[in-house]
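Descriptive analysis of the structure
The chain contents come next:
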Amino acid sequence: MQIHYRQGGLTVAEGDITRFDGDAIVNAANCSLLGGGGVDGAIHRAAGPQLLEACRALRQHDWPDGLPVGQVALTPGFRLPARYVIHTVGPVYAESDDPRGQLAACYRNALALADERGFTRLAFPAISTGVYGYPSAEAARVVADVIRERLPQLPALEVTLMFFSAADAQTFVQAAQR
Ligand code: AR6
């Protein structure tokens, strides 16, 4: 994990989120919760088949119509180094009426759940910036605003934003420092 920026409770790093060792990682899932490509696929592969079973149970008991955009759901991490996975669904950029509000909701709700559970180490991927088409620089501004707004109220929480490429990590650092 290469670190690009660290200040207060925030670390901006480049790496594979499935290797993150902490209380929880956030998954950029889809409404079905039943897996997919990108970071979702990588998390399911690393966690093992029990993760899919846990997601199926969530669908059956809590979210029969699927997880709405911006909401969060918790499962164990199974074979992952992280103890838990917080699943969330980002907006599809081209289809959303309020991509900014929905993306912010993913981050806010994941932070609130982490706080509620007493987590101290949490990592996010760059939600919606892959298949869902959210431009990285625009997403970075949304995330920087949420972090600025919420992190001071969560002094026990260390948040890592884990980018898959150096370019995305740098884009975020520029947005955060503007
Ligand atoms: N670690 C960290 N970041 C990663 C990893 C990884 N192992 N793999 C990819 N990324 P995406 P979305 C980055 O497409 O846009 C899935 O099929 C990637 O470079 O995974 O929210 C779901 O099931 C990008 O910057 O998520 C949904 O159907 C970021 O993670 C859909 O994709 C997000 O890319 C969700 O699309």
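Residues numbered from 1 in each chain as written. Predicted model: local features only at pLDDT ≥ 70, side-chain atom pairs only at ≥ 80, totals over all residues. Heavy atoms only, no water.

1. Structural notes on the environment of A104
So the rule is basically this: In this description a helix means any DSSP run of H or I spanning at least four residues, a strand means any run of E spanning at least two, and both kinds are numbered starting from the N terminus.
Along the chain, A104 falls in helix α3 (residues 99–116). Placed 43 residues apart in sequence, A104 and I147 show a C-alpha to C-alpha distance of 9.6 Å.

2. Quick look at the sheet that holds strand β6 (residues 121–124)
Across a sheet, paired strands are connected by hydrogen bonds in the backbone, their directions being either parallel or antiparallel. Test applied: Being paired, for any two strands, means DSSP has found at least two bridges between them. In this analysis, axes come from line fits to C-alpha atoms, helices being fitted only over the stretch in contact, and the angle between any two N-to-C directions falls in the range 0 to 180 degrees.
Spatial ordering of the open sheet is given by β1-β2-β7-β6-β3-β5-β4, a layout of seven strands whose pairing is mixed. Strand pairing shows two members of the sheet lacking a second neighbour, β1 (2–7) and β4 (72–76), which therefore form its edges. Between one strand and the next, the sheet's axes are offset by a mean angle of 25 degrees, whatever the strand orientation. Relative to strand β7 (residues 158–163), strand β2 (residues 10–14) is paired through five bridges, and the arrangement is parallel. Its bridge partner lying in β7, A13 is registered against M162.

3. A short note on the pairing of β6
Our working definition: The handedness rule is simple: strands pointing away from the viewer, and a clockwise path from the first strand over the helix to the second, make the crossover right-handed.
As judged from the two bridges shared by strand β3 (residues 24–29) and β6, these two strands associate in the parallel manner. The residue of β6 that forms the bridge with A24 is L122. Where β6 and β7 come together, four bridges link them in parallel fashion. Within the sheet, the bridge partner assigned to A123 lies in β7 and is T160. This β-α-β element, β6 to helix α4 (residues 136–150) to β7, shows right-handed connectivity.

4. As for the site of the ligand
Note the threshold: Each residue is tested against the molecule or strand, and it is near if at least one of its non-hydrogen atoms lies within 4 Å. Here a polar contact is recorded for every N or O atom pair within 3.5 Å, except that within protein the pair must consist of a potential hydrogen donor and a potential acceptor, and residues adjacent in sequence are included only if both atoms are side-chain atoms.
Taken together, the neighbourhood of the ligand is formed by 22 residues, with N30, G37, V39, D40 and S128 sitting nearest. One nitrogen or oxygen atom from the side chain of D40 is found 2.7 Å from an oxygen atom belonging to the ligand. For the shell around the ligand, the elements supplying multiple residues, two or more each, are β3 and α1 (38–47). Take the shell around the ligand: its biggest share by element is four residues, from α1.

5. Structural notes on the nonpolar core
Rule in force here: In this description, a nonpolar core means a group of buried Ala, Val, Leu, Ile, Met, Phe, Trp, Tyr and Cys residues linked to one another through side-chain atoms lying within 4.5 Å. Burial classes: relative accessible area under 20% of the type maximum marks a residue as buried, over 50% as exposed, and values in between as partly exposed (1.4 Å probe, protein chains only). The criterion used for residue contact is that any of the two residues' heavy atoms lie within 4.5 Å.
Counting residues in each nonpolar core, the largest one holds 38 residues, and the members touching the most others are F124, L161 and F172. Of all the secondary structure elements, the ones that give two or more residues to this core are β2, β3, α3, β6, α4, β7 and α5 (166–176). With eight residues, α3 is the single largest residue contributor to this core. Beyond its immediate stretch of four places on either side in the chain, F124 contacts I17, V26, Y107, A110, L111, V159, T160, L161 and M162. Membership of the second largest hydrophobic core comes to 19 residues, among which are I25, A47, L51 and L58.

6. Focus: the side chain of D23
Following the sequence through the fold, D23 ends up in the loop between β2 and β3. In contact with D23, other than residues within four places in its own chain, are A82, R83, Y84, F119, T120 and R121.

7. What to know about α4
The cut-off we apply is this: One less than the number of residues in a helix, times 1.5 Å, gives the span that helix is expected to have.
For α4, which comprises 15 residues, the first-to-last C-alpha distance of 21 Å matches the rise-based estimate of 21 Å (1.5 Å per residue) to within 8%. Tucked inside the fold, the buried residues of α4 contact β2, α3, β7 and α5.

8. Thoughts on the packing of aromatic side chains
Note the threshold: Each Phe, Tyr or Trp ring, with Trp reduced to its six-membered ring, pairs with another whose centre is within 6.5 Å; inter-plane angles below 30 degrees give stacked pairs, above 60 give edge-to-face pairs, and intermediate values give tilted ones. Look at NZ for Lys and CZ for Arg. If either is within 6 Å of the ring centre and within 35 degrees of the ring normal, a charge sits over the ring.
Per the counting criterion, the structure on display carries four aromatic pairs. Sitting over the face of the ring of Y84, R117 holds its NZ or CZ atom 5.4 Å from the ring centroid.

9. Describing the packing of α3 against α4
Note the following rule: Each angle is binned into one of four classes, with values under 35 degrees roughly parallel, values over 145 roughly antiparallel, values of 65 to 115 roughly perpendicular, and all other values oblique. By convention the crossing between two helices is left-handed if the near helix lies anticlockwise of the far one by an angle smaller than a right angle, and right-handed if it lies clockwise.
Across the interface, α3 lies against α4 with an axial gap of 9 Å and an inter-helix angle of 40 degrees. With respect to their mutual orientation, α3 and α4 come out oblique. Taken as a pair, α3 and α4 cross one another with a handedness that is right-handed. Taking contact as the criterion, the partners of R100, L103, A104, Y107, R108 and L111 in α3 are, on α4, A139, V142, V143, D145, V146, E149 and R150.

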